[in-house]
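# Commentary on secondary and tertiary structure
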Amino acid sequence: MLTLEKAVEILRDSAEPVQDKERIPLIEASGRVLAEDITAPMDQPPFPRSPLDGYAVRGEDTLSASRECPVTLEVIGKIYAGEVFHGKVEKGQCVRLMTGAPIPEGADTVIRQEDTDYGEARKANPVRIFRGSEPWKNYCYAGEDYKKGDILLRAGTVLNGDRIGIAAGSGDDMVTVYREPRISVISTGDEVISPGEPIRPGKIYDSNRYLLAGRLGDLGLGEINSSHCPDRIGDMCERIREAAKTSDLIITTGGVSVGEKDIMHGVMEELGAEKLFWKISLKPGSPTLAFTIERKKTGSFSGSDRIPVICLTGNPYGVAVNFELLVRPVMEKITGNSAWLCPKRLCLLENDSPKRGGIRRFMRGSFTEGRVRILTGSHASGTLSSMADCSCLVEIGEGSSGKAGEEVWTYIL
Ligand code: AMP
Ligand code: MG
């Protein structure tokens with residue numbers, strides 16, 4: 001049977017990164033991927049500016065200053081941040097200024113106001129300076145941060161708050177990013193009804209569609225197209241063809257085993273799809289089926305010509321595990337955003353696994369600083385309630401003892 005790693009490789013090869021670009025407000029761009037370089041339109045700061053509240057002076061005028069023997073300078077003006085002093089500071093003169101104000105021509109340093117007697121810009125009231133400053137100290141150069149023409153952020157960068165702050169320096173309140181991937185989730189099963197509907201004998205509520213849409217949302221996807229389809233091959237084919245028109249990836253749940261109502265094999269055939277694989281060597285969620293279908297282009301949506309369809313088991317825990325292990329790496333390929341990858345660490349197992357031996361297993365666990373505990377609730381693949389306290393998946397490999405004290409791979413959720 002196919003290894004998990006091989007299945008991931010095949011799926012990633014079948015998916016294409018989103019190429020379409022869109023302009024969005026910069027302030028809403030956290031988590032989005034830049035589609036074009038951002039270049040500085042000017043120096044930052046654009047002018048030499050004061051890092052202090054104080055007096056802009058010619059440093060050499062002040063070098064001899066001390067508390068006993070202050071230097072006295074004529075205050076020829078006063079400016080706040082945002083204002084400009086239009087004169088020049090000559091020998092024996094200074095300008096009172098506040099942090100962020102442009103340092104006037106002629107001045108080459110700023111004296112801290114605490115090192116003066118706070119003299120103001122009146123002829124009769126010059127300022128006395130008690131401590132001098134070397135030229136070019138306390139002086140923020142124009143372009144100290146970056147120069148006009150510098151590339152501030154490169155295409156492909158994932159935007160976060162800090163990077164959005166940098167991008168704001170471009171002066172543009174809009175930014176060009178790759179459009180968000182469009183993911184369609186379709187759950188199947190004649191026994192499955194949607195939350196909100198009254199329960200009926202023999203029916204269960206649809207956990208899978210909600211779980212998948214929720215996880216995609218957790219990881220930053222804004223809009224998810226999800227629906228439920230009965231176990232009818234024709235209906236499901238129609239649903240997939242329709243979803244494919246505007247999706248980069250389709251995920252289905254249920255109907256991939258060998259029962260009479262396991263329709264997904266028939267769906268694959270009727271769609272004329274190209275099969276990628278069926279069954280992966282892992283528990284839970286081994287009967288995963290994957291294929292690609294041709295995508296008819298419509299309207300303004302331009303995506304790749306073929307898209308992958310990942311058909312997961314109906315068992316909710318199998319869906320949860322397959323999402324973390326299979327879907328996330330595909331999403332990373334589609335978005336170019338490594339935040340989609342599930343972080344993986346070796347941790348010390350604190351308790352014995354209730355299931356071990358045989359096929360590679362992924363158990364629900366709780367993780368703290370390099371140590372991991374397998375949860376004590378139900379581990380059956382059809383049960384979901386113990387996921388409420390699950391913070392990681394614990395891998396019990398094929399050859400592993402599954403005993404406390406062993407080092408195990410832990411996938412942090
Ligand atoms: P299947 O893979 O379709 O054979 O389904 C396996 C098990 O998962 C069955 O017990 C289904 O009733 C259950 N199941 C299938 N789909 C869902 C769903 N969307 N939500 C909750 N349970 C489901
Ligand atoms: Mg089913």
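Starting afresh in each chain, residues are numbered from 1 along the sequence in its written order. To read the labels, note that chains go from A and ligands from 1, taken in the order they are written. Local features in this predicted model are restricted to residues whose pLDDT is 70 or higher, and side-chain atom pairs enter the listing and the counts only when it is 80 or higher, whereas totals over whole chains, interfaces and linings include all residues. Think of the side-chain values as coming from all heavy atoms in the structure, minus any hydrogens and water.

## Topic: the pattern of salt bridges
- The salt bridge definition used is simple: a Lys or Arg side-chain nitrogen within 4 Å of an Asp or Glu carboxyl oxygen. Scanning the entire structure with this criterion turns up 26 salt bridges.
- The partner of glutamate 324 in a salt bridge is arginine 328, with the nearest N and O atoms 2.7 Å apart. Separated by four residues within a single helix, glutamate 324 and arginine 328 lie in helix H7 (residues 316-335), roughly one turn from each other.
- Partly exposed residues are those whose accessible area sits between 20% and 50% of the maximum for their type, while under 20% is buried and over 50% is exposed, using a 1.4 Å probe and protein chains only. Glutamate 324 sits in the buried class, given a relative accessible area of 5%. The way it works is that DSSP assigns letters per residue, a run of H or I at least four long becomes a helix, a run of E at least two long becomes a strand, and they are numbered from the N terminus.

## Here's the deal with the domain arrangement of the protein chain
- Domain annotation of the protein chain identifies domain 1 (4-20 + 180-340), domain 2 (22-44 + 145-178), domain 3 (54-129) and domain 4 (344-412).
- A straight line from the C-alpha centre of domain 2 to that of domain 3 covers 37 Å. Just so you know, the domain bounds were taken from an automatic or database domain assignment.

## Notes on the sheet that holds strand E16 (residues 289-294)
- An order of E13-E10-E14-E17-E16-E15 is seen for the six strands of this open sheet, with the pairing classed as mixed. Two strands in the sheet have a free side with no partner beyond their single neighbour: strand E13 (224-229) and strand E15 (274-278). In this sheet, neighbouring strand axes are inclined to one another by 20 degrees on average, regardless of whether the strands run parallel or antiparallel.
- Two strands qualify as a pair provided that DSSP identifies no fewer than 2 bridges between them. In this sheet, strand E17 (residues 306-312) lies alongside E16 in antiparallel orientation, the contact comprising six bridges. Looking at the pairing, glutamate 294 lines up with arginine 306 of E17.
- Contacts were defined at the residue level, with two residues in contact if any of their heavy atoms lie within 4.5 Å. Convention adopted: a line fitted to C-alpha atoms gives each axis, helices being fitted over their contacting stretch, and angles between N-to-C directions are expressed from 0 to 180 degrees. Its contacts with the sheet put helix H1 (residues 4-14) on E15, E16 and E17, and the angle it makes with E15 is roughly 160 degrees.
- Helix H4 (residues 207-218) contacts strand E10 (183-188), E13, strand E14 (249-253) and E17 of the sheet and is inclined by roughly 170 degrees relative to E13.

## A short note on the nonpolar core
- Each nonpolar core is a collection of buried residues, namely Ala, Val, Leu, Ile, Met, Phe, Trp, Tyr and Cys, held together in the definition by side-chain atoms within 4.5 Å. Judged by nonpolar contacts, the single largest core of 40 residues is most densely connected at Leu4, Leu212, Leu216, Leu249 and Met331.
- Listing elements by their share of this core, those giving two or more residues are H1, E10, H4, E14, E17 and H7.
- Looking at this core, you find at least three residues from each of domain 1 (4-20 + 180-340) and domain 4 (344-412).
- Not counting the four nearest positions on each side in its chain, leucine 212 is found in contact with Val185, Ile251, Thr253, Leu312, Val319 and Phe323.
- Core analysis: the second largest hydrophobic core is formed by 21 residues, Cys237, Ala273, Phe291 and Ile293 among them.

## Some thoughts on the site of ligand 1
- We call a residue near a molecule or strand when any one of its heavy atoms sits within 4 Å of it. The environment of ligand 1 is made up of 15 residues, and the closest members are Glu191, Asp206, Ser207, Gly255 and Gly314.
- Two N or O atoms form a polar contact when they lie within 3.5 Å of each other; inside protein one atom must be a possible hydrogen donor and the other a possible acceptor, and for residues adjacent in sequence the pair counts only when both atoms belong to side chains. Between ligand 1 and aspartate 206, the relevant distance is 2.7 Å, taken from a nitrogen atom to a side-chain nitrogen or oxygen of the residue.
- Within the backbone of glycine 314, an N or O atom sits 2.8 Å from an oxygen atom of ligand 1.
- In short, Shrake-Rupley with a 1.4 Å probe defines the accessible areas, and a residue's cover is counted only from the protein chains shown. Burial of ligand 1 by the protein chains amounts to 76% of its free accessible area of 480 Å².
- Among the cavities detected, the one that contains ligand 1 is the largest pocket.
- Polar here means any residue outside two lists: the nonpolar Ala, Val, Leu, Ile, Met, Phe, Trp, Tyr, Cys and Pro, and the charged Asp, Glu, Lys and Arg; Gly therefore counts as polar. Across the shell around ligand 1, the residue classes break down as four nonpolar, eight polar and three charged. Residues are said to line a cavity or pocket when one of their atoms sits within 4 Å of a point; the points come from a 1 Å grid over protein atoms alone, cavities being sets where a 1.4 Å probe fits but cannot get out and pockets being open sets with protein on both sides within 12 Å along at least five of seven lines. To decide whether a molecule occupies a pocket or cavity, check its atoms: if more than half lie within 2 Å of the grid points, it is inside.

## Regarding unusual backbone geometry
- A cis amide bond links glutamine 44 to the next residue, proline 45, at an omega of -10 degrees.
- Its place among the elements puts proline 45 in the loop between strand E2 (38-39) and strand E3 (54-57).
- In this model, tryptophan 136 sits at a positive phi of 70 degrees, which is unusual for a non-glycine residue.
- Residue position: tryptophan 136 is located in the loop between strand E7 (127-129) and strand E8 (151-153).
- In this structure tryptophan 136 comes out as partly exposed when scored by relative accessible area, which is 48%.
- Despite not being glycine, lysine 279 shows a phi value in the positive range, around 85 degrees.
- With respect to the helices and strands, lysine 279 occurs in the loop between E15 and E16.

## Overview of the packing of aromatic side chains
- Geometry of aromatic contacts follows a simple scheme: Phe, Tyr and Trp rings, the Trp one being its six-membered ring, pair when their centres are within 6.5 Å, and the pair is stacked under 30 degrees between planes, edge-to-face over 60, tilted otherwise. Under the defined criterion, the tally for this structure stands at four aromatic pairs.
- Arranged with centres 5.0 Å apart and planes meeting at 85 degrees, the rings of tryptophan 136 and tyrosine 139 form a pair that is edge-to-face.
- For the pair phenylalanine 362 and tyrosine 411, a centre-to-centre distance of 5.5 Å together with 75 degrees between the ring planes defines the contact as edge-to-face. With phenylalanine 362 in strand E19 (residues 361-368) and tyrosine 411 in strand E22 (residues 407-412), this pair connects stretches of sequence that are 49 residues apart. Tyrosine 411 matches phenylalanine 362 in its accessibility class, with the two residues each being buried.
- Members of the aromatic cluster, each reached through a chain of ring pairs, are Trp136, Tyr139 and Tyr141.

## Topic: H1
- Restricting attention to buried positions, one finds in H1 the residues Leu4, Ala7, Val8, Ile10, Leu11 and Ser14. Buried residues of H1 fall within an arc of 165 degrees about the axis and therefore sit on the same side. In this description, one arc is meant: the one made by directions from the helix axis to the C-beta atoms.

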